[in-house]
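These are the residues of each chain, in order.
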Amino acid sequence: MNLDTREENGVVIFELNGEVDLETSPQLRQALLEQVNADKPVVVGMAGVAYIDSSGIASLVESYQTARRNKTGFALADISDSAIRVLQLARLDKVFTIHDTIDAAVTELST
Amino acid sequence: MKMQHDESKSTGELPVSLSDQVNLLASMAAEFANTLDVDETLLKALHHITDFLKAEGGAVFLLDEATQIISCVACYGATEITGLKLENGQGVVGACVTNNQGALVRDVRNDANFYAAVDDQTGFVTRSILCAPLSVKDGCVGAIELVNKQNPDDLFNETDLKVLETLAASAALAVINARMAKALVEQERVKRELELAAEIQRRFLPDDSTAEDAKLPISGINKAARGVSGDFFDYFRLPDGRIYFGLGDVSGKGINASLLMSKTASLFRCLGKTVRDPGRLLGMINAELCETAAHGMFVTMVAGIYDPRPGCEGLIRLSNAGHEPVLLFREGEFQTFKADGPPLGIVPPFEGEDGSYEEVRIFPKQGALYIYTDGLTEGYTETGDTLEDEGVKNILTSMKNNTLKEQLAELVRTVTQADRPLRDDVTVLALTDSQRSNDEVGLKPAETETYGSEESDGDWLIDFKFPAQPSWMKLARACVRQACVKVGCEEAETNDVVLALDEACQNVIRHAYGGPSEDEIELTVRSRPGRLVFRLRDFAAPVDPSKIKPRDLDDVRPGGLGTHLIQEVMDEVQYLRPSQGEGNLLRLVKNIKLK
């Protein structure tokens, strides 16, 4: 798993790549929670996610819920086929805010 | 102390006749010789003696070697003083025992040794005393004392003393005989207990006369130099079909060594059922022995796991804690594997470390592995020389076509000489890889009973075992992916199956093992046209399947998704109990589209 971070217009953008599994998801969870707990709007770009399991999904769910409590934005963007399949299996594809592109998500969150 | 012998002869009574004396002596001697109940015999003898010498009363005193206290053990006539205790040297009796010499006190009023306290207590009036020591070869075990002639006018004389001394001598022999007999009985008892202990120890060893053990490609012999052994060997089959084996040698011989052996053997068998890494197992036994073993005692030990299962190439994982080198004999060549670590019970693990021993990996390639104690190499052969490693190799070379059992019997026979005892306990353990079907020549893998039910699941595709740790998930996924690709699954289907198996493994880590663990997860994949069957097995305590039910998806929260994903992807999900051994078994079936 690889996680790149940058900030645009006050929105923190994570680009998530590779395999997110039981071994790597704790790292994702920590990085996301750090930002949402700092009340930063967060976009997770998932185009490069080759594999994600329930522990990875759980990290996303926890961050999404924390963001909602903190009333900051949290969105997923540009999700790979294999990742969207897992979100569908988990019936979470309708729960998250999902954008086609990172830019669209940033525009939405920075306004 | 000076003896008080009255010089004057007794008056009135005729001296006892010689023939009467001889008769009494003969009958008493015979009685003493035939009894083991010395107290009863002493009492009986005392009656005879007291009556024969016409005394008012008599008593037998015995000296306790340890406390130097003289106690009255039998008493007749006059006054009852059984249980009376005297210090050695106290009174006429005490002086008699201390000096191992008879005493004739015609009139106690003139004797400095007379101990008046007894008379004061009992009200008895002592006039005259005759006392003879119970003399044995190198000392005195007590004394016989007679008081007062029945006729108040009479006093004891020298002849009386002679008679009493002679009788006392045979009484002393009886006392000694009885004591020796008691010691013998005690010795017998200890010997019997040792035999029982040895019997219990033998039961620790695997019994290859049982059908189950006889089928294993492993054999061992333990021959104790004395009754109990300081060596042991053991082996048992793990639920997954692998064979755990171990051999140990406790420093020293005798009871203390055998007790430590029993402890080590128990630890091996008990821990071995869950700790499936020989190096880690030895580390744990070492820590335990360091904590509790008697200082200065240690155990050299070899532990290993042999994997005869298909696809595992007979891999032997071996760990050696200060033991003799292990021999691998293959195609006429020997290879030795020396100890990697110190004996067990000497060096405790560093704080915070588990102290695991190194492991070597051996691919036996149809060869055989031999482990033995130095009792074998240092044992004497017929010529009087020690056998040494060379001798062991020579025997194995000349018997390479014999069975393991025959080879081991010959090794032990060579160092067992009829005319001298074994120098040390001798223990040998051997394992052959020759019974394993060779995968490379395309033989069908032998199925064990354990996996009989799997046969119906279809053709064997993959066996994969890995520690229950997150870092192994990637490899587990790769295995499952490969199996799917092999049977022609589409990519999307493959991805789903891989996800489901990953989730199932995570459930094992979380729910069965309660977190990442060194313990293993065993994955087998089988296929038949139109479906893939996965079996996921762990070795943890049984888990109640109802505790892993999928959560309600409308309740959005992290966690609890895994089981739902498995059920979403798989066509059949069954929580089973393994047919053998501990653990949980999950059977997953995926129907696949036929192209």
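Since we're looking at a predicted model, the values are computed, not measured.

Novice: Sorry if this is basic, but what is going on with the overall build of chain A here?
Specialist: Within chain A one finds four helices and five strands. Listing the helices and strands of chain A from first to last along the sequence gives β-β-α-β-α-β-α-β-α. By the burial criterion, 50% of the 111 residues in chain A qualify as buried. Considering only intrachain contacts with a sequence separation of at least 6, the fraction spanning at least 24 residues in chain A is 68%.

Novice: In this structure, what is going on with helix α3 (residues 81-89) of chain A? I would like to understand it.
Specialist: Counting along an α-helix, one turn takes 3.6 residues, and residues three or four places apart therefore face a common direction. Listing the buried residues of α3 of chain A in full gives Ala-83, Val-86, Leu-87 and Leu-89 of chain A. All buried residues of α3 of chain A project into a common sector of 160° when viewed along the axis, lining one side. On the buried face of α3 of chain A, the contacting elements are β3 (42-52), α2 (54-70), β4 (74-77) and β5 (98-99) of chain A together with α13 (491-512) and α14 (562-569) of chain B. Backbone geometry just downstream of α3 of chain A places Arg-91 of chain A in the positive-phi region, at approximately 55°.

Novice: How should I be thinking about a positive patch on the surface in this particular structure?
Specialist: Residue and element names in this part refer to chain B. Together, Arg-226, Lys-253, Arg-420 and Arg-423 give the surface a local cluster of positive charge. Tracing the backbone shows Arg-423 in the loop between α11 (404-414) and β16 (426-432). A relative accessible area of 40% places Arg-423 in the partly exposed class.

Novice: Explanation requested: empty space enclosed by the protein in the structure shown.
Specialist: One way to see where empty space is left: roll a probe the size of a water molecule over the atoms. Residue and element names in this part refer to chain B. Scanning all chains against the criterion turns up three cavities of 30 Å³ or more. By volume, the largest cavity is sized at about 300 Å³. The wall of the largest cavity is formed by 24 residues, among which Ile-81, Val-118, Thr-126, Glu-145 and Val-147 lie closest to the centre. Secondary-structure elements contributing two or more residues to the lining of the largest cavity are β1 (55-64), β2 (69-77), α3 (91-99), α4 (117-122) and β6 (139-149). The element contributing the most residues to the lining of the largest cavity is β1, with four residues. Class assignment for the residues of the lining of the largest cavity results in 16 nonpolar, six polar and two charged.

Novice: Help me out: how do you make sense of α2 of chain A in this one?
Specialist: Residues and elements named next belong to chain A. Between its terminal C-alpha atoms α2 stretches 24 Å, which fits the 24 Å expected from 17 residues at 1.5 Å a residue. Burial analysis of α2 places twelve of its 17 residues in the buried class, the great majority of the element. Within the span of α2, buried status applies to Ser-54, Ser-55, Gly-56, Ile-57, Ala-58, Ser-59, Leu-60, Val-61, Ser-63, Tyr-64, Thr-66 and Ala-67. One or two residues past the end of α2 sits Lys-71, with phi positive at roughly 60°.

Novice: I'm lost on the layout of surface pockets in this one. Help?
Specialist: Residue and element names in this part refer to chain B. Empty space within the second largest pocket amounts to approximately 500 Å³. Forming the boundary of the second largest pocket are 26 residues, of which Ala-368, Asn-402, Leu-404, Thr-432 and Ser-434 lie nearest the centre. Broken down by element, the lining of the second largest pocket gets its largest block of residues, three residues, from α11. When its residues are assigned to classes, the lining of the second largest pocket shows eight nonpolar, eleven polar and seven charged.

Novice: Looking at this model, I keep getting lost on the pairing of β16 of chain B. Mind explaining?
Specialist: Remark: a regular strand shows side chains that alternate across the two faces of the sheet. Residues and elements named next belong to chain B. By the criterion of burial, β16 is predominantly enclosed, with seven of the seven residues buried. Strand direction decides the pairing type here: strand β7 (residues 218-223) and β16, joined by six bridges, are antiparallel. Considered in β16, the bridge of Ser-219 is made with Ala-430.

Novice: Can you help me understand the nonpolar core in this one?
Specialist: Across soluble globular proteins, nonpolar side chains have a tendency to be buried as a group. Judged by nonpolar contacts, the single largest core of 71 residues is most densely connected at Met-46 and Phe-74 of chain A together with Phe-534 of chain B. Non-local contacts of Met-46 of chain A, meaning those with residues more than four positions away in its chain, are made with Leu-16, Ile-52, Leu-60, Leu-76, Ala-77, Asp-78, Ile-79, Ser-80 and Ala-83 of chain A. Leu-205, Leu-271, Leu-281 and Phe-337 of chain B belong to the second largest nonpolar core, which has 45 residues in total.

Novice: Please clarify how the sheet that holds strand β19 (residues 531-538) of chain B should be interpreted in this entry.
Specialist: Hydrogen bonds between backbone groups are what pair the strands of a sheet, and the pairing can be parallel or antiparallel. Residues and elements named next belong to chain B. Taking strand neighbours across the sheet as the criterion, the five strands line up as β17-β18-β19-β21-β20 in an open arrangement whose pairing is antiparallel. Every other strand in the sheet has two partners, leaving β17 (459-467) and β20 (572-576) as the edge strands with one partner each. Here the strands of the sheet are splayed against their neighbours by 15° on average, with no regard to which way each runs. Pairing analysis gives five bridges linking β20 to strand β21 (residues 585-591), with the strands arranged antiparallel. Its bridge partner lying in β21, Gln-574 is registered against Arg-587. Of the strands in this sheet, β17, β18 (520-528) and β19 are in contact with helix α12 (residues 473-486), which crosses β17 at around 175°. Here α13 sits on the sheet in contact with β17, β18, β19 and β21, set at roughly 15° to β19.

Novice: Just to check I follow, could you spell out the sheet that holds strand β11 (residues 316-321) of chain B for this structure?
Specialist: Residues and elements named next belong to chain B. Reading across from one edge, β8-β9-β10-β11-β14 is the order of the five strands in this open sheet, with antiparallel pairing throughout. For this open sheet the edge positions go to β8 (231-237) and β14 (360-362), each flanked by a neighbour on one side alone. The average undirected angle you get between the axes of adjacent strands in this sheet is 15°. Note: β11 against β14, three bridges, orientation antiparallel. Bridge pairing in β14 places Leu-318 opposite Val-360.

Novice: What am I meant to see in the interface of chain B and chain A here?
Specialist: Note: interface size is frequently given as the accessible area lost on complex formation between the parts. With 24 residues of chain B at the contact, the number on the chain A side is 21 residues. Carbon and sulfur atoms make up 61% of the area that chain B and chain A hide from each other, which totals about 1,900 Å². In this structure, the connection of chain B to chain A is made through four salt bridges. Close ionic contact of Glu-568 of chain B with Arg-91 of chain A constitutes a salt bridge, the shortest N to O distance being 2.8 Å. There are eight residue pairs in polar contact (both at pLDDT 80 or more) connecting chain B and chain A. At the level of elements, α12, α13 and α14 of chain B are the ones that each hand at least two residues to the side of chain B that touches chain A. Considering only residue class, the side of chain B that touches chain A consists of eleven nonpolar, five polar and eight charged.

Thresholds applied
Residues numbered from 1 in each chain as written. Chains lettered and ligands numbered in written order. Predicted model: local features only at pLDDT ≥ 70, side-chain atom pairs only at ≥ 80, totals over all residues. Heavy atoms only, no water. Helix = DSSP H or I, 4+ residues; strand = E, 2+ residues; numbered from the N terminus. Buried < 20%, exposed > 50% of the residue type's maximum accessible area, 1.4 Å probe, protein only. Contact = heavy atoms within 4.5 Å. Arc of directions from axis to C-beta. Patch = residues over 30% accessible without salt bridge, like charges linked within 9 Å, V, L, I, M, F, W, Y side chains within 5 Å. Areas by Shrake-Rupley, 256 points an atom, 1.4 Å probe, with all protein chains shown as cover. Salt bridge = Lys/Arg side-chain N within 4 Å of Asp/Glu carboxyl O. Lys, Arg positive; Asp, Glu negative; His and termini not counted. Charge placed at Lys NZ, Arg CZ, Asp CG, Glu CD. 1 Å grid on protein atoms, 1.4 Å probe; cavity = no way out; pocket = protein on both sides within 12 Å on 5 of 7 lines; lining within 4 Å. Points joined across faces, edges and corners; volume = space filled by probe spheres on them. Nonpolar A, V, L, I, M, F, W, Y, C, P; charged D, E, K, R; others polar. Expected span 1.5 Å × (residues − 1). Pairing = 2+ DSSP bridges. Core = buried A, V, L, I, M, F, W, Y, C linked by side-chain atoms within 4.5 Å. Axes fitted to C-alpha atoms, helices over the stretch in contact; angles between N-to-C directions. Buried area = accessible area lost by both parts, 1.4 Å probe. Polar contact = N/O pair within 3.5 Å; in protein donor to acceptor, adjacent residues only side chain to side chain.

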